Amino acid sequence: MQNNAIGIFDSGIGGLTVAHALKEKLPKESILYFGDTKHLPYGEKSDDAIQNFSLNISKFLLEKKCKAIVIACNSASSVAFQKVKELSGNIPVFNVIDPVINKISENNKKCKIGVIGTKATIQSGIYKRKILEKSPRYSVTSLATPLLAPMIEEGFINEEISKTIIHNYLSSSKLKGIEKLILACTHYPLIQNEIKFFYNNNIDVIDSVNIVSQSIYDELKNSKLLNNISNPKYRFYVSNFTKSFENSARFFFQENLKLEEVNI
Ligand code: DGL
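Here we summarise the structure given alongside this text.

What counts and what doesn't
Residues numbered from 1 in each chain as written. Predicted model: local features only at pLDDT ≥ 70, side-chain atom pairs only at ≥ 80, totals over all residues. Heavy atoms only, no water. Near = heavy atom within 4 Å. Polar contact = N/O pair within 3.5 Å; in protein donor to acceptor, adjacent residues only side chain to side chain. Areas by Shrake-Rupley, 256 points an atom, 1.4 Å probe, with all protein chains shown as cover. Nonpolar A, V, L, I, M, F, W, Y, C, P; charged D, E, K, R; others polar. Buried < 20%, exposed > 50% of the residue type's maximum accessible area, 1.4 Å probe, protein only. Helix = DSSP H or I, 4+ residues; strand = E, 2+ residues; numbered from the N terminus. Pairing = 2+ DSSP bridges. Axes fitted to C-alpha atoms, helices over the stretch in contact; angles between N-to-C directions. Contact = heavy atoms within 4.5 Å. Phe/Tyr/Trp six-rings, centres within 6.5 Å; stacked < 30°, edge-to-face > 60°. Salt bridge = Lys/Arg side-chain N within 4 Å of Asp/Glu carboxyl O. Core = buried A, V, L, I, M, F, W, Y, C linked by side-chain atoms within 4.5 Å.

Before going further, it helps to examine the site of the ligand. Lining the immediate environment of the ligand, one finds 13 residues, of which Ser11, Tyr42, Asn74, Ser75 and His187 sit closest. The separation between an oxygen atom of the ligand and a polar main-chain atom of Tyr42 is 2.8 Å. Between Asn74 and the ligand, the recorded distance is 2.7 Å, taken from a backbone N or O atom to an oxygen atom. When isolated, the ligand has an accessible area of 300 Å², and the protein chains bury 99% of it. Of the residues assigned to the shell around the ligand, the class counts are five nonpolar, seven polar and one charged.

As structure tokens, then:
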């Protein structure tokens, strides 16, 4: 079991940022990635729909004998984590929210934190609730930024159009005076430089991927589930073939990888 792949999913390319960080942190591990390109963006869907997509993908990952499931999507982590955990029994399930909350609560100085994410994530209120539970001295302000994930999925990064949209969202009065900004969507590390540029590098931009991969490493190690042979394999599945997904997967992994389309 410990040498089986880690299953990771997202609606599209965002989770590749997590998969890539995991590959760097855990180079011996095999990864089986599922991008639900047929149903993206998740952030615009109802909780019920996101839960159904997440459960169907998790069943697929369990059939493929994955030893752990990583929900590399904040929208699904917000509304489907419990359901996926119930489905998965003894197989560990990771979300991308708790490790970030744990990390920022290590320091409990008064601080104004901004959170940006999809509508599903922000409407769930999960960041604000969990942060304040652990760190009542923080104040939290959240803003849904629904155009960002589709923009990134379409490859608009470091372009005039992305600059304009990012500027428009981050200028919102809701985010005025923040000292930290949590990127609560796994697509956003891909525009992290543009976000830092907006703030002239004056605030702390928290990108979850390294925090999440460290916590997965710690937990797999504690549960004695780390791979003990070094022969990693990377497999990529999508629910609908898209060129942009293929390009991103090749960028993060290897040039010659093949996508497999599955109908779930
Ligand atoms: N990357 C995902 C997230 O972290 C989903 C974006 C979307 O499909 O709306 O929320």
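What follows is about helix H1 (residues 14-25). Burial within H1 is extensive, with nine of its 12 residues counted as buried. Listing the buried residues of H1 in full gives Gly14, Gly15, Leu16, Thr17, Val18, Ala19, Ala21, Leu22 and Lys23.

What follows deals with the sheet that holds strand E6 (residues 138-144). If you walk across this open sheet you meet the four strands as E6-E5-E7-E8, and the pairing is parallel. Lying at the two open borders of the sheet, with one neighbouring strand each, are E6 and strand E8 (204-207). The average angle at which neighbouring strand axes cross in this sheet is 20°, direction not considered. In the sheet, strand E5 (residues 111-117) pairs with E6 via seven bridges, with the strands oriented parallel. Opposite Val115, over in E6, you have Ser142 as the bridge partner. Contacts from helix H6 (residues 126-134) reach E5, E6 and strand E7 (180-184), with the element oriented near 170° to E6.

Our focus in this paragraph is the packing of aromatic side chains. All told, the structure shown has nine aromatic pairs when counted by the stated rule. A centroid spacing of 5.5 Å and a plane angle of 65° characterise the contact between Phe34 and Phe60, whose relative ring orientation is edge-to-face. One end of the pair, Phe34, is in strand E2 (residues 31-35); the other, Phe60, is in helix H2 (residues 47-63), with 26 residues separating them in the sequence. The pair formed by Phe34 and Phe60 is uniform in burial state, with each residue classed as buried. Summarising the aromatic geometry, the rings of Phe236 and Phe253 are spaced 5.0 Å apart at their centres and angled 65° between planes, so their arrangement reads as edge-to-face. Residue Phe236 is found in strand E9 (residues 234-238), and its partner Phe253 is found in the loop between helix H11 (243-252) and strand E10 (259-261); the two are separated by 17 residues along the sequence. Note on Phe253: relative accessible area 9%, which makes it buried.

With an omega of -5°, the peptide bond between Leu40 and Pro41 qualifies as cis. For Pro41, the location among the structural elements is in the loop between E2 and H2. Backbone geometry places Asn158, a non-glycine residue, at a positive phi of 55°. Note that Asn158 resides in the loop between helix H7 (148-153) and helix H8 (160-170). Phi angles above zero are rare outside glycine, and Asn200 is one such case at about 50°.

Right, let's talk about the pattern of salt bridges for a bit. Counted according to the given criterion, the structure contains eight salt bridges. Here Glu260 and Arg235 are joined by a salt bridge, their closest N and O atoms 3.1 Å apart. Pair noted here: Glu260 is in strand E10 and Arg235 is in strand E9, with a separation of 25 residues, a long-range link. Take Glu260: its relative accessible area is 33%, and that puts it in the partly exposed class. Salt bridges sharing common partners tie together Lys243, Glu246 and Arg250.

All right, on to the side chain of Thr17 then. With respect to the helices and strands, Thr17 occurs in helix H1. The exposure class of Thr17 is buried, given its relative accessible area of 7%. At a separation of 2.9 Å, a polar atom in the side chain of Thr17 contacts the main-chain carbonyl oxygen of Thr186.

On to the side chain of Asn227, then. Within the secondary structure layout, Asn227 lies in the loop between helix H10 (208-222) and E9. Within the structure, the side chain of Asn227 is placed 3.2 Å from the backbone oxygen of Lys28, a separation counted as a polar contact. Filtering out sequence-adjacent residues up to four positions away, Asn227 remains in contact with Gln2, Asn3, Lys28, Glu29, Ser30 and Lys67.

Our focus in this paragraph is the nonpolar core. In terms of nonpolar packing, the biggest core is built from 51 residues, with Ile8, Leu16, Ile116, Leu181, Ile195, Phe236 and Phe253 touching the most fellow members. When residues of this core are assigned to their parent elements, the largest contribution, five residues, is made by H1. Residues Phe9, Phe34, Val84 and Val93 belong to the second largest nonpolar core, which totals 24 residues.

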